[in-house]
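# Architecture at a glance
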Amino acid sequence: MMLEGYRKQIYSCGRCGYCLGGYLDHVCPSRFIAGFESSTARGRMLIARALLEQKLNYSAELVSILFTCFLCGACDIKCSQAAKIKITEITKAMRHDAINTGIMLDKLIPETKALSESHNIYGKPSIQRKVLLSRLPIRGEKADLLYFPGCVITFRYPQIAFNTLKILNSAGIEVALLGEEEWCCGNPFLFTGMLKETERFAAHNVKKIREKGVKTVLTSCAGCYRVLSQEYPKILGEELPFKVVHVTQFLDKLIGEGYIKLKKLSYDRVTYHDPCEIGRYAEIYEEPRSVIQSIPYLKLVEMEKNRENAWCCGGGGSVNIVHTRRALSVGQLRIKHAEETGAKILVTACPSCVQMLELASKRKRSKIRVVDIASLVLEALKL
Ligand code: SF4
Ligand code: SF4
C-alpha cells in the first residue's frame, strides 16, 4: 500500500485547519465545491488515518470524495507553515491504492482507456498529431530545441503551438517536433493513480526525445512542464538527458536578450492567472509577469489571489471529469476574481487553464476574454 509510506506525515496532522482558510476566504477549491470536512486536506488526513488503521476501506463513494481534490497544492503551501505534510502526494497515494484494490470510477474509464490505447486523452489516432502539427511553421531538422505541445494544444488549441513557433521563427530559432511519436505526458494517469501507465509513457517519450539528440524541451503546457521536469526523473530514477523549459521562461529570456521587441497593443490592462503546475509546483511566478510587463503601455493588474495564493482554474486533478459542474463553478469564481480587477483580458500560460477559463467565462456570460501568453506576445510583435 503506497499510503503506508506516508504514515508518519499523516499522523503529524494536528488538525490546526491552516489548510482550510476562513469561511469566506477560500483556500481550498475542494472545500468550496463539496463543503464537507471529508473534502478538505484536514479531513483527508483523517480518511488516510482510518484507511491505515483499517477502520475504512476503499469504495466507489470514498474514491468519489478523493476526486473532489484538484491537486492544486494550495493546502501544501499552507501546511508548509504547520506540519509540512505533502497532502497532494498523500491524496495521489490514496487514488493509487484505490486502483490497486480494483476501484476505478466509471466516469474515468473512457479517458484512461483512450489514453492507454491511443496515447492521447481524446482517443484520436496518432497520425492525427502528425497531420495537425505538419501545419506548424517549423524551421530546421537538426535543432537543439524540441517543442512538446502535448495533447490539449495539439488536438484542441493548435493555434497556441502555431503562435509560439511563429515567435521562435521571428527570433531565428529552429525547433524539432516528435510528431506522431509524441505521447501524452502521462499527467491524467498520475491524477487517477495509474503509475505503471505513467511510467510506460515517460519511458517512451524520453526514449524518443533522446533519439532526437536535443538539449532542451520546450512546452507551453503547465501540466507537461511539471510532469516532464519533476515527475519523469522520479519515475524513471534517472536524470533526464535534456532540460525542460516552460514557454514563459523561454519568452522572458528572448525578450530580455533583445531577440524580440514588443509593441503597444490596442488595450492597456490585463490580469494574469497562475497555472498551479508552473506556479505552486515550480515557482514560475515572475517570468510570465516579466513577459507581460515588457509590452509597452500594458498594465498588469493582479487578482487578489495571485502567485502562491492563486485560485485553481478548476481544470486540475481530473475533478472536471468526475464532478464536472462543480469544477466549472471553481472556474467561474476565478473569472469573478478576474472581473474584479477591471481588466477585460485574462492571460494565462497553460492550455488546460485556457480551456477551463474560457468555458467558465462563457457560462458566466462574462466579458472576460482568456488569452494564452504566447498569443499575447505574438500580437505585440506585430509581425
Ligand atoms: S495545515 Fe497541515 S497540519 Fe494543519 S490541519 Fe491542514 S493538513 Fe493538518
Ligand atoms: S490540493 Fe487544492 S483542492 Fe486539494 S485539498 Fe489541497 S487545496 Fe484543496
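Before reading on, note that the structure itself is shown above.
The structure presented is a predicted model; accordingly, all values stated were derived computationally and were not measured. (Residues numbered from 1 in each chain as written. Chains lettered and ligands numbered in written order. Predicted model: local features only at pLDDT ≥ 70, side-chain atom pairs only at ≥ 80, totals over all residues.)

### Re the overall build of the protein chain
Looking only at helices and strands, the protein chain features 19 helices and seven strands. Taking 2.2 N^0.38 as the reference for a compact globule, 383 residues should give roughly 21 Å; the C-alpha atoms of the protein chain span a radius of gyration of 21 Å, in line with that estimate. Seen along its three principal axes, the alpha-carbon backbone of the protein chain occupies a region of about 65 × 45 × 35 Å. In the protein chain, buried positions account for 48% of the 383 residues. At a minimum sequence separation of 6, the contacts of the protein chain that also span at least 24 residues come to 79%. (Helix = DSSP H or I, 4+ residues; strand = E, 2+ residues; numbered from the N terminus. Rg over C-alpha atoms; globule rule 2.2 N^0.38 Å. Buried ≥ 20, exposed ≤ 12 C-beta atoms within 10 Å, placed from the backbone. Contact = placed C-beta atoms within 7 Å.)

### Some thoughts on the site of ligand 1
In the neighbourhood of ligand 1, 16 residues make up the surrounding shell, with C13, C16, C19, C79 and A83 lying closest. Within the residue set of the shell around ligand 1, elements represented by two or more residues are α3 (41-52) and α5 (74-79). If you tally residues by element for the shell around ligand 1, the top one is α3, at three residues. Residues that form the shell around ligand 1 fall into these classes: 11 nonpolar, two polar and three charged. (Near = placed C-beta within 6 Å. Nonpolar A, V, L, I, M, F, W, Y, C, P; charged D, E, K, R; others polar.)

### Let's talk about the site of ligand 2
Contacts to ligand 2 come from 13 residues, most closely from C28, S30, C69, C72 and C75. Of all the secondary-structure elements, those providing two or more residues to the shell around ligand 2 are α2 (29-34), α5 and α6 (87-100). Taken together, the residues of the shell around ligand 2 break down into 10 nonpolar, three polar and no charged.

### Considering the packing of helix α17 (residues 324-339) against helix α18 (residues 351-363)
Between α17 and α18, the least distance of the axes is 8 Å, while the angle of their chain directions is 80°. Judged by the inter-axis angle, α17 sits roughly perpendicular to α18. Where α17 approaches α18, its residues L328, G331, Q332, R334 and I335 are matched on the opposing element by M356, L357, L359, A360, S361 and R363. Residues belonging to the contact of α17 with α18 are distributed by class as follows: six nonpolar, three polar and two charged. (Axes fitted to C-alpha atoms, helices over the stretch in contact; angles between N-to-C directions. Parallel < 35°, antiparallel > 145°, perpendicular 65-115°, else oblique.)

### Overview of α18
Residue pairs spaced three or four apart in an α-helix point in one direction, given the helix's 3.6 residues per turn. Helix length check: α18, at 13 residues, gives a terminal C-alpha distance of 18 Å against a target of 18 Å (1.5 Å per residue), a fit within 8%. The set of residues buried in α18 consists of P351, S352, C353, V354, M356, L357, L359, A360 and S361. Remark: R365 follows α18 within two positions and exhibits a positive phi of approximately 55°. (Expected span 1.5 Å × (residues − 1).)

### A short note on the sheet that holds strand β4 (residues 269-272)
Across a sheet, paired strands are connected by hydrogen bonds in the backbone, their directions being either parallel or antiparallel. Taken in spatial order, the four strands make up an open sheet running β5-β4-β6-β7, and their pairing is parallel. The strands lining the two open edges of the sheet, one partner per strand, are β5 (299-300) and β7 (369-372). Along the sheet, helix α19 (residues 373-381) contacts β6 (345-348) and β7; its crossing angle with β7, the most-contacted strand, is approximately 85°. (Pairing = 2+ DSSP bridges.)

### Observations regarding helix α14 (residues 247-256)
Among the 10 residues that make up α14, seven are buried, leaving the element largely enclosed by the rest of the structure. For α14, the set of buried residues is V247, T248, Q249, F250, L251, D252 and I255. Along its buried surface, α14 packs onto α10 (158-170), β2 (216-219), β3 (243-246), α15 (286-293) and α19.

Remember that the coordinates give geometry; whether it matters functionally is a separate question.
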